[in-house]
Amino acid sequence: MVVFDAHCDVLWQIWQRKRRAAFNKDDALHVTLEGLKKGKGKLQCFAVYVPEEVPHEQRFEIALEMIHIFYEDILKQHPEMKFVSTRKDILALQEEEIGALLTLEGCDAIGSSLTRLQTLYRLGVRSVGLTWNYANAVADGALETRGAGLSDFGKQVVQQLNEYRLWTDVSHLSERGFWDVMQLAHFPIASHSNCYSLCPHPRNLKDEQIRALIARNGRIGITFVPMFLTEGGPAAITHILQHLEHICSLGGEHHVGFGSDFDGITETVHKLGRYAEYENLKNELIKHYTEEQVHSFLYGNFMRGVTF
């Protein structure tokens, strides 16, 4: 069964290593071409994440550097990887091809400029996370103690995403910002978030938030970040299944998938430490769900949610 993974940070990993990491095969990376093939990856979302320590005036330039890596080091060097920016592109993938979708993790890179957002759209970005963990010109992040919602500029950003039919990603967003998005966004998702009721981390979604995403026909990607899966102790694949089952119990069977956050984490789930080990997750899923359900969780639900 093939996989649609809604979030990874391999562009950031390659950028910070100054391209010393080789995407084809490198033990330092969770996501590689070799791993995608072994794990039967079919569509991988590549996030542009500009870290907090980058000065504000340099963030857009760094985002462009990561997009350059996406085109030059991922696509150009590996013919099996195919740039996709529309549903039609994804459906046109050949059996041996893997789709590469560009996303933005946090609007810090655009500052307060809609022109920069529009530029990133023209470069291929198709899903936009409004914040990382802290505040920017768009909204407050999940760890910002102020807990504010969308700014006036943030509302303009969401309206622009609506016009482009792009996903508005609420992962990392403050709770108040989340509810603002529910009022404004036409195509909301949570690319990599888990269930607060099972693991009360501020990055996770409360049951009423999950229900709201489901009601809006959004998608939720269960992430493999251990601290979002369980409180204390090592994380196991069984913890992933618990979050999956909980979302299903809230009515999300046709709305839930996976957003691994590979290469954005240092600790990993036992027996799920890199993309090639997606097979271990598949083997556990098939013990508890039908083949049709497993296909939907791994690929179909996110694919059916593609709006661009």
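Refer to the structure presented above.
Counting starts from 1 at the beginning of each chain's written sequence and moves along it residue by residue. At least 70 in pLDDT is required for a residue's local features to be given in this predicted model, at least 80 for side-chain atom pairs to be given and counted, and no such filter applies to totals for whole chains, interfaces and linings, which use all residues. Water and hydrogen atoms were dropped before computing side-chain values, which therefore reflect all heavy atoms in the structure.

## Here's the deal with helix α6 (residues 152-164)
Spacing of three or four residues puts side chains on the same side of an α-helix, whose turn is 3.6 residues.
Thinking step 1. In this model, α6 (13 residues) spans 19 Å end to end at C-alpha, consistent with the 18 Å of a helix rising 1.5 Å per residue.
Thinking step 2. Among all positions in α6, only F153, G154, V157, V158, Q160, L161, N162 and Y164 are buried.
Thinking step 3. Those residues of α6 hidden inside the fold are in contact with α5 (114-122), β5 (125-129), β6 (167-169) and α7 (175-184).
Thinking step 4. Secondary structure follows DSSP: runs of H or I at least 4 residues long count as helices, runs of E at least 2 residues long count as strands, and numbering of each begins at the N terminus. After α6 finishes, the residue R165 shows a positive phi value of roughly 65°. To estimate the expected span of a helix, subtract one from its residue number and multiply by 1.5 Å. A 1.4 Å probe rolled over the protein chains alone gives each residue an accessible area, and that area as a share of the maximum for its type sets the label: buried under 20%, exposed over 50%, partly exposed in between. The criterion used for residue contact is that any of the two residues' heavy atoms lie within 4.5 Å.

## Side note on the nonpolar core
Thinking step 1. We call a set of buried residues a nonpolar core when its members are Ala, Val, Leu, Ile, Met, Phe, Trp, Tyr or Cys and they connect through side-chain atoms within 4.5 Å of each other. If you look at the biggest cluster of nonpolar residues, it comprises 103 residues, and the most contacted ones within it are F23, F46, M81, L130, F258 and L281.
Thinking step 2. The dominant element in this core, judged by the number of residues it contributes, is helix α3 (residues 59-75), at 9 residues.
Thinking step 3. Discounting residues that sit within four places of it in the chain, F23 has contacts with V10, I14, L29, V31, T32, L33, L36, F46, D73, I74, H78 and M81.

## Here's the deal with the packing of aromatic side chains
Thinking step 1. In summary, the pairing rule links any two rings of Phe, Tyr or Trp, Trp by its six-membered ring, whose centres are within 6.5 Å, and it sorts them by plane angle into stacked for under 30 degrees, edge-to-face for over 60 and tilted for everything else. Enumeration over the complete set of coordinates arrives at 22 aromatic pairs.
Thinking step 2. Between W167 and F302 the ring centres are 5.9 Å apart and the planes differ by 65°, which places this aromatic pair in the edge-to-face class. Of this pair, W167 sits in strand β6 while F302 sits in helix α12 (residues 291-304); the two residues are 135 residues apart in sequence, bridging distant segments of the chain.
Thinking step 3. Classification of W167 as buried rests on a relative accessible area of 2%.
Thinking step 4. Since its relative accessible area comes to 1%, F302 is described here as buried.
Thinking step 5. The interplanar angle of 75° and the centroid separation of 5.3 Å between the aromatic rings of W167 and F308 together place this pair among those described as edge-to-face. Of this pair, W167 sits in strand β6 while F308 sits in the segment after α12; the two residues are 141 residues apart in sequence, bridging distant segments of the chain.

## Thoughts on the pairing of strand β4 (residues 98-105)
Thinking step 1. With 8 of 8 residues buried, β4 lies mostly within the body of the structure.
Thinking step 2. Residues I98, A100, L102 and L104 of β4 are buried on one face, and the alternating residues G99, L101, T103 and E105, pointing to the opposite face, are buried as well.
Thinking step 3. Between any two strands, pairing holds if DSSP finds at least two bridges. Here strand β3 (residues 81-83) pairs with β4 via 3 bridges, running parallel. Its bridge partner lying in β4, K82 is registered against G99.

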